[in-house]
Amino acid sequence: MSIAAIKDPDLLPYGVFVAERASVIYDRKYRPIVRVPGQWPDCDSASATVVDPTEWITHDRQEWFYNDGTVPRRNKATRERLQGIVDKMPVLASEIERRDRAAERADKAENNDRLKCFRTAQLSPKSQAKLKEWSDKREARRLKRLDRFFDLDDAGYAQWIAAGRPYSDTKKVERWTERRFTEHLKAKPMTVLPFPAPPKPAAPRYLFETVSDLRKLPTAKWLVGGWIPEQGVGLIYGEYASGKSFIGFDLLLHLAYGLQEWHGVKLPGVPCDVLLIAREGATGFRGRVDAFKEHHGITDDTDRIVFMRSPVNFGDVAQFEELKAAIVTSGRRFAAVMVDTVGRALPGEDFYDAKSITRFMEHLQQLGEIGGGVAIGVNHVNKSGETFGSVYFGANSDFMFQVTREGGSNEPLTRGKIHCTKMKDGEDGWKKRVDYQKAASSLVVASVTDSGDMMGKATKLSDDDKLALQALGEALKAKGQLRPEMPGRSVTLSEWLDQCFKIGGVDPTAAKPNRDLHRRQVKLLANKLILVQDHLVRIINHATTDDIAISKAAPGGPLPPIPQRT
């Protein structure tokens, strides 16, 4: 649509009312035209919808596209700017054209009425009376037919709009508009609008800044003090049943309910909208919410936490764009978006492919940017205890937290640890102790405290743990080698697992034998009986002062006895 073709320039966009979740473009007479999700100018132009010109618009601020001294018909620059706005929104262009055609029809009807009045005045009084009688009867029949489809209440008008205005009755529409506008004036007085300020110049696409320019930027703010920034992207990762989902869910509920602290760490203190993208577990979510409410003495549910359980593939660009559009359409600004788990969000993707993981982290960050918040992914670990997949998970994260549990998988989850393995804008490497307790029908995070490395405390070994240690000793005797990566003789984790299959410690028919071996590994590490580095493992010889592993005798030589914890 060319704005030069519009006969009534008062119908062209004149400015925009800006609210928290949407912006409304209005014409020169301050009549709304279309509503666009988002705050101007960062709006989703493809999701624009038509607005009733009589609708009362509540807004926080407004901007003008040009001032009264430079109307489009006089100023080329103004016409070009308005043409650019119209070209981005097909709905806006079609609605302006429709209103322009309606105004043109109204002008023609008014001219025809004038012509009829002139011709009628030339008739004799008798002919004028007959013409009036005939006209009145025809008008009565027309109104009777029209009243079957269109009533002058809000419901009838809405039905007429939804049907695409299949017929028109200018007089009835005018009377309906006048009545509704009068009701709005009674309900809320009209705001006196100030003279529009000149439009601000567009910001350059590329900025070149000095150190003094950077010092003027606002400092980074924390959503969770010292833990999670207000904006960014990161990961919470750990092995199966380590408590990582409990910790993430507990954090989201603290934000949704607007609590002041998260286990001693400062929060915004006001209720925030948060989004959890999870494919399954609706029944479990209800139990976790009930447990959280009971633990914190809360009685009411909150609508601030939103769950999205529909299948979505972050590796599919089309699906991801649909997800972003759905989040924008919801009208919510999520302070935190959590994806639990990364594996369910990337079905069939190669987790060791740099391109796939980089694209996922970029998409995850975009979800946070929609609401100006932070995005968090929940991921599993590999057999070495690191985040499962490519190193590009860490390279593209602003923060990373590893969650581990104390005790075996056959024991209840009561205690664990959070290890900050990366913090781009703060201190990392620290560890916190996590305690869980039962409430209602689920577990809750009871406390997060500074208690040192509690995983270093000795724990009781099970029979499977002892068999795994014996299998490691036999593997070292048969295949142990001296390697530059680690002092003393060592074997690979695969060689250890093969020996566990032979004598016990790990069931070869188990669904995930690598996970079972990792659990044995955690227990033996906690008791300081083994040393693991990358893919290599060895037994620690506590009889030596340099903490070197078994003797450097040739493979097949005698092994020192398995040390006992004291």
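Residues numbered from 1 in each chain as written. Predicted model: local features only at pLDDT ≥ 70, side-chain atom pairs only at ≥ 80, totals over all residues. Heavy atoms only, no water.

**Observations concerning the sheet that holds strand β20 (residues 481-483)**
Here is step 1: On the basis of which strands lie adjacent, the open sheet formed by 4 strands has the order β20-β21-β23-β22 and antiparallel pairing. Edge positions in the sheet fall to β20 and β22 (530-533), since each has one partner strand and no second. This sheet shows a mean twist of 45° between the axes of neighbouring strands, independent of strand direction. (Pairing = 2+ DSSP bridges. Helix = DSSP H or I, 4+ residues; strand = E, 2+ residues; numbered from the N terminus. Axes fitted to C-alpha atoms, helices over the stretch in contact; angles between N-to-C directions.)

**As for the confidence of the model for the protein**
Here is step 1: With 81% of its residues at a pLDDT of 70 or more, the protein shows a mean pLDDT of 80.
Here is step 2: Residue range residues 452-456 is modelled with pLDDT below 50. Its contacts to residues more than four positions away, or to other chains, number 15 contacts.
Here is step 3: With pLDDT under 50 throughout, residues 543-566 is counted as low confidence; its partners more than four residues away or in other chains account for 43 contacts. (pLDDT = per-residue confidence, 0-100. Contact = heavy atoms within 4.5 Å.)

**Re the nonpolar core**
Here is step 1: The biggest cluster of nonpolar side chains holds 44 residues, and the ones touching the most others in it are Val224, Trp227, Ile228, Ile247, Trp262, Phe401 and Tyr436.
Here is step 2: The element best represented in this core is helix α7 (residues 244-256), accounting for 8 residues.
Here is step 3: Those residues in contact with phenylalanine 401 that sit more than four places away from it in its chain are Trp227, Ile228, Leu235, Ile236, Tyr237, Ile418, His419, Cys420, Thr421, Met423 and Trp430.
Here is step 4: Counting residues in hydrophobic clusters, the runner-up holds 28 residues, among them Ile57, Trp64, Leu82 and Ile96. (Core = buried A, V, L, I, M, F, W, Y, C linked by side-chain atoms within 4.5 Å. Buried < 20%, exposed > 50% of the residue type's maximum accessible area, 1.4 Å probe, protein only.)

**Some points on the packing of helix α13 (residues 463-479) against helix α14 (residues 493-503)**
Here is step 1: Running from N to C, α13 and α14 cross one another at 120°; their axes reach a closest spacing of 8 Å. Taken together, the axes of α13 and α14 lie oblique to each other. In this structure, α13 crosses over α14, and the sense of that crossing is right-handed. Residues Leu467, Ala468, Gln470, Ala471, Leu472, Glu474, Ala475 and Lys479 of α13 form the contact with α14, whose own contacting residues are Glu495, Trp496, Gln499, Cys500 and Ile503.
Here is step 2: Classifying every residue of the contact of α13 with α14 gives 8 nonpolar, 2 polar and 3 charged. (Parallel < 35°, antiparallel > 145°, perpendicular 65-115°, else oblique. Left-handed = near helix turned anticlockwise from the far one by under 90°. Nonpolar A, V, L, I, M, F, W, Y, C, P; charged D, E, K, R; others polar.)

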